[in-house]
Amino acid sequence: MLTLGSFYESGGYRDQGNKTKYYIREIPNGFILKKSDFLFAMTEQAVGLLGSSLIVPESDKFLHNQRLGLVQITNGFEWHNDFFFHQFNTRIFRSAVQSSASGVKVRHTSPKKLGIISLCFPPTIAKQKMVTYLDAVATLSANRDI
């Protein structure tokens with residue numbers, strides 16, 4: 001089962017090794033995740049976790065769990081996971097998620113609150129892929145000793 005512990009605070013999938021939780025009963029319809037499904041951490045179990053995203057690495061292996069938001073694309077909206085993964089890990093977006101949260105000791109947000117956060121993004125997958133490529137080149141350049 002994917003849990004909040006399956007997320008890195010900076011985003012991405014974390015293999016929990018021997019801390020992985022397993023569900024051994026009959027699996028309800030709609031809970032088995034597919035490779036490339038996009039999820040959000042809706043609760044801040046650890047500092048910085050709220051709003052973290054991950055892309056499911058394999059099909060038919062992971063179950064959707066409470067306090068995880070599954071992004072479902074509708075109305076022909078064009079969505080490239082890598083672009084939005086980077087977009088949702090920007091300081092601006094993560095700050096907006098924090099602002100949307102409620103709770104004192106453990107902060108939570110909701111799909112409705114996330115849905116009102118404004119984003120600027122290229123309208124087509126082709127342009128989203130180009131931005132992701134340019135981001136990768138910039139990262140390589142920043143890590144290179146010149």
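Structural data are supplied above this passage.
A. Structural view of the overall build of the protein chain. The helix and strand tally for the protein chain stands at 4 helices and 3 strands. Taken against the 2.2 N^0.38 rule, which gives 15 Å for 146 residues, the C-alpha radius of gyration of the protein chain at 16 Å falls within 12% of a compact globule. Along the first, second and third principal axes, the C-alpha atoms of the protein chain reach 50 × 40 × 35 Å. Classification of the 146 residues of the protein chain by burial places 34% in the buried group. Long-range contacts, defined here as pairs at least 24 residues apart, represent 70% of the contacts in the protein chain between residues at least 6 apart. Carbon and sulfur atoms make up 56% of the accessible area of the protein chain, which amounts to about 9800 Å² in all.

B. The layout of surface pockets, seen in detail. Considered as a void within the structure, the largest pocket measures approximately 400 Å³ in volume. If you trace the largest pocket, you find 18 residues lining it, with Phe40, Val71, Phe88, Leu114 and Gly115 closest to the centre. Only β3 (68-70) and α3 (111-115) provide two or more residues apiece to the lining of the largest pocket. Broken down by element, the lining of the largest pocket gets its largest block of residues, 3 residues, from α3. Roughly 260 Å³ of volume is contained in the second largest pocket. Here the residues of the lining of the second largest pocket sort into 9 nonpolar, 3 polar and 5 charged.

C. Inspection of the packing of aromatic side chains at higher detail. Considering all chains together, one arrives at 15 aromatic pairs under this definition. Taking the centre distance of 6.3 Å and the plane angle of 45 degrees together, the rings of Phe77 and Phe84 count as tilted. Its relative accessible area of 1% is what places Phe84 among the buried residues. Cluster of aromatic residues (ring-pair linked, three or more members): Phe38, Phe40, Phe77, Trp79, Phe83, Phe84, Phe88, Phe93 and Phe121.

Criteria and thresholds
- Residues numbered from 1 in each chain as written.
- Predicted model: local features only at pLDDT ≥ 70, side-chain atom pairs only at ≥ 80, totals over all residues.
- Heavy atoms only, no water.
- Helix = DSSP H or I, 4+ residues; strand = E, 2+ residues; numbered from the N terminus.
- Rg over C-alpha atoms; globule rule 2.2 N^0.38 Å.
- Buried < 20%, exposed > 50% of the residue type's maximum accessible area, 1.4 Å probe, protein only.
- Contact = heavy atoms within 4.5 Å.
- Areas by Shrake-Rupley, 256 points an atom, 1.4 Å probe, with all protein chains shown as cover.
- 1 Å grid on protein atoms, 1.4 Å probe; cavity = no way out; pocket = protein on both sides within 12 Å on 5 of 7 lines; lining within 4 Å.
- Points joined across faces, edges and corners; volume = space filled by probe spheres on them.
- Nonpolar A, V, L, I, M, F, W, Y, C, P; charged D, E, K, R; others polar.
- Phe/Tyr/Trp six-rings, centres within 6.5 Å; stacked < 30°, edge-to-face > 60°.

Nothing here speaks to function; it is geometry throughout.
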